[in-house]
Amino acid sequence: MQNRAAPAREGARAAAPSVDEGPRLSNRARERIAGYLFVAPDAIGLLIFVGGPMILSLSLGFFSVSGFGEYEFVGIANYRRMMADPLFWRSVEVTVLYVVALVPSLYVVGLGLALLVQSNSRFNTVVRSLLFMPQTVSLVVVGLVWQVLLVDKIGLFNQFGATFNLQSISWLGDPRFALFTVIGISVWFLMGFYMLIFLGGLQDIPREYYEAARIDGAGAVQSFFKITLPLLQPTSFFVLLVSTVAAVCGSQTFDLIYIMTKGGPANSTSLAIFYIYQQAFLFNEYGYAAAMASVLVVVLMAITVLLFALTRGGRFTYG
């Protein structure tokens, strides 16, 4: 019976229709689809919450918007007004000075601190934490604390100077010092972040290069300029790009100005991003503010393209 049943089962299997499983995806195609799925939420969010407002802002620049639902098409009138607005050009001048002073300062201070704390020791770990700590504090709190420290005559800095018979300085009330004071506070606030970026770049440089240079008789200065700086080009490119964007429209650019100076004294700290805020939310000139914001975005894009062109995107070759 068993011998007769076995051929019957085999015949049933042969008669059963085969199931078409369809084309199978290669591992590379599956990885690509998985990558797209992981990126999709951020891409959709970026498109909705960044791309949409940018397109809306660009279109609003051609309208006169009252803020109460009234839109009037004015063409390029807002851009003509911008070209003839002395306060706008003053804010551009202040912004350029702020960027020119802040970006190199962040580069030098961030790289210098990274070089000082790059060795893995318990002391350096504590120092890194202390230097990064300002990033964990709200910018509003930072602005208020520094405002108290810099109060005329009774502030901590002026009291310290008085012990050496130095004249009291109005750090935030004198147009000669206000912008540079804000720049100094911005460097203090951001230096820990850029220190960590440079620290990551330094730790990626193979130690063998320094050992070979030491055997060849190269000193610390020669090793820095011949090994460290060239191999930090990708990191340097990233720092320059991010710090430039942060200097033009970063959170500290608006928050510190709003809390500490309100753009004064005499518009000496009125950065472009703060002037746009004033026009939009203090004077209800939404169309004019949108036009200025559009120009600011175009300028940032031009700076980004220029940095890519000058540095080839931070690419380099070992040689």
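About the criteria used
- Residues numbered from 1 in each chain as written.
- Predicted model: local features only at pLDDT ≥ 70, side-chain atom pairs only at ≥ 80, totals over all residues.
- Heavy atoms only, no water.
- Helix = DSSP H or I, 4+ residues; strand = E, 2+ residues; numbered from the N terminus.
- Buried < 20%, exposed > 50% of the residue type's maximum accessible area, 1.4 Å probe, protein only.
- Lys, Arg positive; Asp, Glu negative; His and termini not counted.
- Charge placed at Lys NZ, Arg CZ, Asp CG, Glu CD.
- Salt bridge = Lys/Arg side-chain N within 4 Å of Asp/Glu carboxyl O.
- pLDDT = per-residue confidence, 0-100.
- Axes fitted to C-alpha atoms, helices over the stretch in contact; angles between N-to-C directions.
- Parallel < 35°, antiparallel > 145°, perpendicular 65-115°, else oblique.
- Left-handed = near helix turned anticlockwise from the far one by under 90°.
- Nonpolar A, V, L, I, M, F, W, Y, C, P; charged D, E, K, R; others polar.
- Polar contact = N/O pair within 3.5 Å; in protein donor to acceptor, adjacent residues only side chain to side chain.
- Contact = heavy atoms within 4.5 Å.
- Phe/Tyr/Trp six-rings, centres within 6.5 Å; stacked < 30°, edge-to-face > 60°.
- Lys NZ or Arg CZ within 6 Å of the ring centre and 35° of its normal.
- Expected span 1.5 Å × (residues − 1).
- Bend = angle between axes of the 7 residues up to and from the residue.

As a further point, take the overall build of the protein. When you go through the protein residue by residue, the secondary structure sums to 14 helices and two strands. By principal-axis analysis of the C-alpha atoms, the protein measures approximately 115 × 70 × 40 Å. Counting over 319 residues, the protein shows a buried share of 34%. Separation of charge centres in the protein, based on 20 positive and 17 negative side chains, amounts to 8 Å.

One pass over the full model with this rule turns up three salt bridges. Close ionic contact of Arg90 with Glu93 constitutes a salt bridge, the shortest N to O distance being 3.5 Å. Linking Arg90 with Glu93, this pair stays in helix H4 (residues 86–116), spanning three residues, or about one helical turn. Residue Arg90 is classed as partly exposed on the basis of its relative accessible area, which comes to 29%. The salt bridge partner of Asp174 is Arg176, with a shortest N-O separation of 2.8 Å. The exposure class of Arg176 is exposed, given its relative accessible area of 59%.

Let us look at unusual backbone geometry. A cis amide bond links Gly264 to the next residue, Pro265, at an omega of -5°. Its identity is not glycine, yet Asn284 carries a phi of approximately 55°, on the positive side. Positionally, Asn284 belongs in the loop between helix H13 (272–282) and helix H14 (286–311).

Residues with a pLDDT of 70 or more make up 90% of the protein, whose mean pLDDT is 85. Helix H1 (residues 2–15) is the least confidently modelled element of the protein, averaging 52 in pLDDT, while H4 averages 94, the highest of any element.

It is worth spelling out the packing of H4 against helix H8 (residues 178–203) at this point. Two numbers describe how H4 lies on H8: the axes approach to 7 Å, and their chain directions differ by 40°. In terms of axis orientation, H4 runs oblique to H8. As for the relative orientation of H4 and H8, their crossing is right-handed in sense. The class makeup of the residues in the contact of H4 with H8 is 24 nonpolar, three polar and no charged.

Here Arg128 shows up in helix H5 (residues 122–132). Within polar-contact distance, the side chain of Arg128 engages the side chain of Asn120 at 3.4 Å. In this structure Arg128 touches Val117, Gln118, Ser119, Asn120, Met195, Leu199 and Gln203, once residues within four positions along its chain are discounted.

A few words now on the packing of aromatic side chains. In total, this model carries 19 aromatic pairs according to the counting rule given. Each ring, one from Tyr107 and one from Phe198, has its centre 5.2 Å from the other, and the planes form 90°; the classification is edge-to-face. Of this pair, Tyr107 sits in helix H4 while Phe198 sits in helix H8, and the two are 91 residues apart along the sequence. One exposure class covers both Tyr107 and Phe198, and it is buried. The side chain of Arg81 reaches across the aromatic face of Tyr288, ending 4.0 Å from its centre. For the cation-ring pair, Lys262 lies above Tyr258, with the distance from its terminal atom to the ring centre recorded as 4.5 Å.

Our next topic: H8. For H8, built from 26 residues, the straight-helix expectation of 38 Å at 1.5 Å per residue is met to within 8% by its first-to-last C-alpha distance of 38 Å. Its maximal kink placed at Leu190, H8 deviates by approximately 45°. Among the 26 residues that make up H8, 19 are buried, leaving the element largely enclosed by the rest of the structure.

For the rest of this paragraph, the subject is the packing of H8 against helix H12 (residues 251–260). Where H8 meets H12, the axes come as close as 11 Å, and the angle between the chain directions of the two elements is 130°. Relative to H12, H8 is oriented oblique. Where H8 crosses over H12, the two elements pack in a sense that is right-handed. On H12, the residues touching Val182, Ile185, Ser186 and Leu190 of H8 are Gln252, Leu256, Ile257 and Met260. When the residues that make up the contact of H8 with H12 are grouped by side-chain class, the tally is six nonpolar, two polar and no charged.

Below, the discussion takes up H14. Between its first and last C-alpha atoms H14 spans 37 Å; for 26 residues at 1.5 Å apiece the expected length is 38 Å, and the two agree. Restricting attention to buried positions, one finds in H14 the residues Gly287, Tyr288, Ala289, Ala290, Ala291, Met292, Ser294, Leu296, Leu300 and Leu307. Looking at the buried side of H14, the elements it contacts are helix H2 (27–60), strand S1 (63–65), helix H3 (77–83), H4, helix H11 (233–249) and H13.

Once that is clear, we can look at the environment of Ile183. Here Ile183 lies in helix H8. What makes Ile183 buried here is its relative accessible area of 6%. Sequence separation between Ile183 and Ile205 is 22 residues, and the spatial gap between their C-alpha atoms is 31 Å. Beyond its immediate sequence surroundings of up to four residues, Ile183 is in contact with Leu97, Tyr98, Ala101 and Leu102.

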